[in-house]
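Spelled out, the chains give:
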Amino acid sequence: QVQLVESGGDLVQAGGSLRLSCAASRSIFSINAMGWYRQAPGKQREIIAHITSRGSTNYAASVQGRFTISRDNAKNTVYLQMNSLKPEDTAVYYCNADLGSTNYWGQGTQVTVSS
C-alpha cells in the first residue's frame, strides 16, 4: 500500500500558476500509474492527468496545453504544474496511485481561481 500527501493548493488569480505536489510514503518507481483528479461541488470526480511508470502522459481536454504532470522517482513525488488557470479550474484536486489491484487516494487539496 501507499499513503499520499498532497500540498500546493491555494487561492490564485485567473491566469496565474500553481504547482501541486503529491508525496508518496514509498517508492513510486514500480507503481503502474499516478494521476491527478479534481472534483467541483455537485460534480463527479474527473481525471485531469495521468502518468505511467514509463513516463507516458495523458491529459483531459480541458487542461491540455495548460497543465503538466511529472514524477520524480528519487523524491517519491508526482507533480502537477498548472498554468493559465481559469475560474473553472476551481475544485478539490486529488492524487491517485494505481497499484493494479488497488487504487489509493490523497486527502485532496483545494484550488480556487478568482476571476
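Residues numbered from 1 in each chain as written. Predicted model: local features only at pLDDT ≥ 70, side-chain atom pairs only at ≥ 80, totals over all residues. Heavy atoms only, no water.

Draft legend 1. Focus on the sheet that holds strand 1 (residues 4-7). The four strands lie next to each other as 1-3-8-7, forming an open sheet whose pairing is antiparallel. The sheet is open, and its two edges are formed by strand 1 and strand 7 (67-72), each paired on a single side. Each strand of the sheet is rotated relative to its neighbour by a mean of 15 degrees, with strand direction disregarded. Note: strand 3 (residues 18-24) against strand 8 (residues 77-82), six bridges, orientation antiparallel. Paired with Cys22 across the strands is Val78, a residue of strand 8. (Pairing = 2+ DSSP bridges. Helix = DSSP H or I, 4+ residues; strand = E, 2+ residues; numbered from the N terminus. Axes fitted to C-alpha atoms, helices over the stretch in contact; angles between N-to-C directions.)

Draft legend 2. Fine view of the environment of Thr52. Relative to the helices and strands, Thr52 is located in strand 5 (residues 46-52). For the pair formed by Thr52 and Ile31, sequence separation is 21 residues and the distance between their alpha carbons is 7.8 Å. Setting aside residues up to four positions removed in sequence, Thr52 forms contacts with Asn32, Ala33 and Arg71. (Contact = heavy atoms within 4.5 Å.)

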